[in-house]
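# A closer look at the structure
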Amino acid sequence: MLDGFGRKIDYLRISVTDRCNFRCQYCMSENMTFMPKSELLTLEEITLIAERFIGHGVKKIRLTGGEPLVRRDMSDVIQRLGRKVKSGELEELTLTTNGSLLSEYADHLAIHNVHRINVSMDTLDPEKFAEITRGAKVEQVLAGISAARQVGIRVKINMVALRDFNQDDLLPMAEYCVKHGHDLTVIETMPLGDVGADRKLEHIPAEKFIAPLTDRYSVNPITHQSAGPARYLAVEPLGLRLGLITPLSNNFCDNCNRLRLTTDGKIFMCLGHNAHVDLRAAVRNEGIEAVDRLLQKALKLKPLRHDFNAQLDGSADILERHMNVTGG
Ligand code: SAM
Ligand code: SF4
């Protein structure tokens, strides 16, 4: 699949639920309302649509949300898409999770060909973790990560850079990652949805956020590539591979290879734009073949780049859609 700018699109991210057992302050408002269950794609529909996309050349799928593991019967989706990895039709099936239910799911993930996951953790400090997630326990996440490692799943920690909140936590996080063999990625906050906070005050450029590492260690670019938009640095002699996702300070849209399927069956071609096509009604009325037609339409809609900077400086409206709906 090629979009209107000639970019090859082969990476699908699926938000399987907008619900979550955490309420991270930068992601959701405290009193977040969720979609009525009747609006959600069924798990059968998600799997059928994903399989159709694989037929069109999607090579990597990431399940996300909301928290993907809070949706009941996720085991079936993982099992069916995992089979596509085994058959070679899919190069990779991965997951982005808050880690709280990993102890329960680790075995199932490993058996069904999920070899790598991203776990979000913004601090190791139990009190600060409870504060940023509005009540979650970091110990539960750490136990989940250990369970995943024990069954051989590789882990990358996602840490959102939050100005005046977690820069001091970067060094302990980096040391924890090295000790346990995880990669670490720092993500700049994106202005998605009203969370009751001034997005501008949350934002800190990733390059500035990593000062505790650059002050202490030698930090140099490396050529490592992943399916996502991160660029990578080697932190030596610590021995850490550090990814930076910098949508605001260093745009990466030129190489964007992804499309996103939302919980309610819309295809968004960009996290930072509202242009989308609605698959749910079409698939329910016309059958799964409707995907073929709408996918062609969606490819033409993919914008050249996001507008996060304009949204942050106030010259464009902040998108109403929260991160959990489109899938982070
Ligand atoms: N619940 C899972 C988790 O937390 O990993 C998956 C969904 S979450 C929306 C995916 C990623 O998006 C997480 O790493 C989270 O920290 C990040 N995220 C959420 N809201 C964000 C925002 N406004 N800006 C940047 N990253 C955000
Ligand atoms: Fe839930 Fe993930 Fe959003 Fe946190 S970032 S509230 S864990 S969906």
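Residues numbered from 1 in each chain as written. Chains lettered and ligands numbered in written order. Predicted model: local features only at pLDDT ≥ 70, side-chain atom pairs only at ≥ 80, totals over all residues. Heavy atoms only, no water.

## Considerations on the nonpolar core
Stated formally: Take the buried Ala, Val, Leu, Ile, Met, Phe, Trp, Tyr and Cys residues and link them wherever side-chain atoms come within 4.5 Å; each set so joined is a nonpolar core. Classification of residues uses two cut-offs on accessible area relative to the type maximum, computed with a 1.4 Å probe and protein chains only: under 20% is buried, over 50% is exposed, and between them is partly exposed. Every residue pair with non-hydrogen atoms within 4.5 Å of one another is taken to be in contact.
If you look at the biggest cluster of nonpolar residues, it comprises 97 residues, and the most contacted ones within it are F53, I61, L63, I157, L184, L213 and L242. Excluding its chain neighbours within four sequence positions, the residues that come into contact with I61 are L12, I14, A50, I54, L81, L90, E92, L93 and T94.

## So, the site of ligand 1
For the record, the criterion: Residues are counted as near a molecule or strand when any one of their heavy atoms sits within 4 Å of it. Polar contacts, as counted here, are pairs of nitrogen or oxygen atoms within 3.5 Å of one another; within protein the pair requires one atom able to donate a hydrogen and one able to accept it, and residues that are adjacent in sequence qualify only if both atoms are side-chain atoms. Residue burial considers only the protein chains on display, and all accessible areas are found by Shrake-Rupley using a 1.4 Å probe. Starting at the N terminus, helices and strands are each numbered in turn, a helix being any DSSP run of H or I of at least four residues and a strand any DSSP run of E of at least two. Only Asp, Glu, Lys and Arg are considered charged, only Ala, Val, Leu, Ile, Met, Phe, Trp, Tyr, Cys and Pro nonpolar, and every remaining residue, Gly among them, polar.
In the vicinity of ligand 1 there are 18 residues, among which Y26, G66, S120, V160 and M190 approach most closely. A distance of 3.2 Å separates an oxygen atom of ligand 1 from a polar backbone atom of T97. When isolated, ligand 1 has an accessible area of 540 Å², and the protein chains bury 95% of it. When residues of the shell around ligand 1 are traced back to their parent elements, those giving at least two are β3 (92-97) and β5 (154-161). Here the shell around ligand 1 is built from residues that sort into 5 nonpolar, 10 polar and 3 charged.

## Things to note about the site of ligand 2
Neighbouring residues of ligand 2: C20, F22, C24, C27, M28, G66 and N98. Partitioned by chemical class, the residues of the shell around ligand 2 number 5 nonpolar, 2 polar and no charged.

## Quick word on the packing of aromatic side chains
Basically, it comes down to this: Under the pairing criterion, centres of Phe, Tyr and Trp rings, with the six-membered ring standing for Trp, must be within 6.5 Å; the plane angle then separates stacked pairs below 30 degrees from edge-to-face pairs above 60, leaving the rest tilted. We count a charge as sitting over a ring when the NZ of a lysine or the CZ of an arginine lies within 6 Å of the ring centre and within 35 degrees of the ring normal.
This model, assessed by the stated rule, comprises 1 aromatic pair. Aromatic side chains F22 and F129 sit 6.0 Å apart centroid to centroid with 85° between the ring planes, which places their arrangement in the edge-to-face category. Note that F22 is positioned in the loop between β1 (11-15) and α1 (43-55) and F129 in helix α4 (residues 126-133), a separation of 107 residues in sequence. Residue F129 is classed as buried on the basis of its relative accessible area of 2%. Looking at K128, its charged tip hangs above the ring of F165, at a distance of 5.1 Å from the centre.

## A look at the side chain of N113
Structurally, the position occupied by N113 is in the loop between α3 (102-111) and β4 (116-120). Here N113 is in contact with G82, V85, K86 and L93, once residues within four sequence places are set aside.

## A word on the pattern of salt bridges
Quick note on the threshold: We define a salt bridge as a contact between a side-chain nitrogen of Lys or Arg and a carboxyl oxygen of Asp or Glu at a distance within 4 Å.
Taken as a whole and assessed by the stated rule, the structure comprises 12 salt bridges. Of the charged contacts in the structure, one is a salt bridge between R231 and E207, with a shortest N-O distance of 3.0 Å. You can see R231 sitting in strand β8 (residues 231-236) and its partner E207 sitting in helix α8 (residues 206-209), a full 24 residues away along the chain. Residue class for E207 comes out partly exposed when judged on its relative accessible area of 44%. The network of salt bridges with shared partners includes E44, E51 and R80.

## Examining the environment of V58
Structurally, the position occupied by V58 is in the loop between α1 and β2 (60-64). On the basis of relative accessible area, V58 is assigned to the buried category, the value being 0%. Each C-alpha atom of the pair V58 and N257 lies 9.8 Å from the other, and the pair is 199 residues apart in sequence. Dropping the residues within four chain positions of it, V58 is found in contact with M1, D10, L12, F53, E89 and L90.

## Here we look at the pairing of β1
Quick note on the threshold: What makes two strands pair is DSSP finding at least two bridges between them. Look down the strands so they point away from you; if going from the first strand over the helix to the second traces a clockwise path, that crossover is right-handed.
Burial analysis of β1 places 5 of its 5 residues in the buried class, the great majority of the element. Taking every second residue as pointing to the same face, both faces of β1 are buried, with Y11, R13 and S15 on one and L12 and I14 on the other. Summarising the sheet, β1 and β2 pair through 5 bridges and their orientation is parallel. The residue of β2 that forms the bridge with S15 is T64. Crossover β1 to β2 through α1 is right-handed. Pairing analysis gives 4 bridges linking β1 to strand β10 (residues 258-261), with the strands arranged parallel. The partner of Y11 across the bridge, within β10, is R258.

Everything listed here is a matter of geometry and, on its own, says nothing about what the molecule does.
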